Amino acid sequence: MLMKSILIRYSFVLIVALSSNLFTFLLLPLNLYTISFLLNFFYSPEIIEGNIQLAGISFVFIPACAAILAYMLLLELLLLTRGITFRKGLQMFFLGATLIFALNIFRIFFLILIYLEYGKNYFDAVHLFFWQFVSVFFVIGVWIFLVEFYKIRSIPLISDIKEILKK
C-alpha cells in the first residue's frame, strides 16, 4: 500500500513537471487581464497580441511573468509531501496559489509603475532583484506558511525515503 501511494504521487509529480504549457495557458492570460484591469484605474492600457501597450511602451508577457514555475513548484512540493490528503492538498494549493497570484500581480503592477515613472534603468534593476531574489524567497515563504497553517510535519521526499527504509 505504501509503495502504491508513493508511486501514484510521484507519477503526478512527473505529470506536473511536464505540464508547464497547461499552466501557461491558464495563468498567462489571467495575469495579463488582471494587470490590465488594475492599470485601467490610472492609465489607458491596451492588450495587443498578448502584451500590454501603455504610453507608447509595450510590456511583453512571457511565462516567467506569470510565475508559472512558482505554481508548479508549490504543486510539486505538495505532491512530494507524505500524509497530505487530497482535500487538504487542494486547499493548500489554492491558498498558496492565491498568495502567489496576489504577490505576482502586485510585482508586475509595481514594475510597470516604476518603468512609467522612473524609466527603463530603474525598471531593469528592480525587475532583476525581484526575479533573482524575491521570487525564490516568496515561494519558500508561502510553503513555510502553508506547512505551519495546516500543521504538516512531513518533509517533501525525505519522509517517503525514511518510510521506505523502515520497511
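Residues numbered from 1 in each chain as written. Predicted model: local features only at pLDDT ≥ 70, side-chain atom pairs only at ≥ 80, totals over all residues. Heavy atoms only, no water.

**Student:** Which residues make up the packing of helix H1 (residues 2-17) against helix H3 (residues 68-79), and what values do they have?
**Tutor:** The geometry of H1 relative to H3 is characterised by a closest axis approach of 9 Å and an angle of 170° between their N-to-C directions. As far as their axial angle goes, H3 and H1 are roughly antiparallel. Together, Arg9, Phe12, Val13, Val16 and Ala17 of H1 and Met72, Leu75, Glu76 and Leu79 of H3 make up the contact between the two elements. Its residues placed into classes, the contact of H1 with H3 shows seven nonpolar, no polar and two charged. (Axes fitted to C-alpha atoms, helices over the stretch in contact; angles between N-to-C directions. Helix = DSSP H or I, 4+ residues; strand = E, 2+ residues; numbered from the N terminus. Parallel < 35°, antiparallel > 145°, perpendicular 65-115°, else oblique. Contact = heavy atoms within 4.5 Å. Nonpolar A, V, L, I, M, F, W, Y, C, P; charged D, E, K, R; others polar.)

**Student:** So what about a nonpolar patch on the surface? Which residues, and what values?
**Tutor:** Taken together, Phe129, Phe133, Val136, Phe137, Ile140 and Ile144 make up a surface patch of nonpolar side chains, about 620 Å² in accessible area. Following the sequence through the fold, valine 136 ends up in helix H5 (residues 120-149). On the accessibility criterion, valine 136 (45% relative accessible area) is partly exposed. (Patch = residues over 30% accessible without salt bridge, like charges linked within 9 Å, V, L, I, M, F, W, Y side chains within 5 Å. Areas by Shrake-Rupley, 256 points an atom, 1.4 Å probe, with all protein chains shown as cover. Salt bridge = Lys/Arg side-chain N within 4 Å of Asp/Glu carboxyl O. Buried < 20%, exposed > 50% of the residue type's maximum accessible area, 1.4 Å probe, protein only.)

**Student:** Requested: an account of the side chain of serine 19, with residues and values cited.
**Tutor:** Note on placement: serine 19 falls in the loop between H1 and helix H2 (20-39). By relative accessible area, which is 16% here, serine 19 ends up buried. Only 2.5 Å separates the side chain of serine 19 from the backbone oxygen of isoleucine 15, close enough to count as a polar contact. (Polar contact = N/O pair within 3.5 Å; in protein donor to acceptor, adjacent residues only side chain to side chain.)

**Student:** Tell me about the packing of aromatic side chains, and please be specific about residues and values.
**Tutor:** Tallied over the entire structure, the rule returns eleven aromatic pairs. With 5.4 Å between their ring centres and 80° between their planes, phenylalanine 59 and tyrosine 115 make a pair best called edge-to-face. Remark: tyrosine 115 occurs in helix H4 (residues 86-118) and phenylalanine 59 occurs in strand E3 (residues 57-60); sequence separation between them is 56 residues. When its relative accessible area of 7% is taken as the criterion, phenylalanine 59 is described as buried. (Phe/Tyr/Trp six-rings, centres within 6.5 Å; stacked < 30°, edge-to-face > 60°.)

**Student:** Explain the pairing of strand E2 (residues 51-54) to me, and be specific about the residues and the numbers.
**Tutor:** Of the strand pairs in this sheet, strand E1 (residues 46-48) and E2 are connected by three bridges, and their pairing is antiparallel. Paired with isoleucine 47 across the two strands is isoleucine 52, which belongs to E2. The sheet contact formed by E2 and E3 spans four bridges and is antiparallel. Across the sheet, the residue bridging to asparagine 51 is valine 60, located in E3. Connecting the antiparallel pair E2 and E3 is a turn made up of two residues, with alanine 55 showing a positive phi of about 55°. (Pairing = 2+ DSSP bridges.)

Remember, this is a structural readout, not a statement about activity or role.
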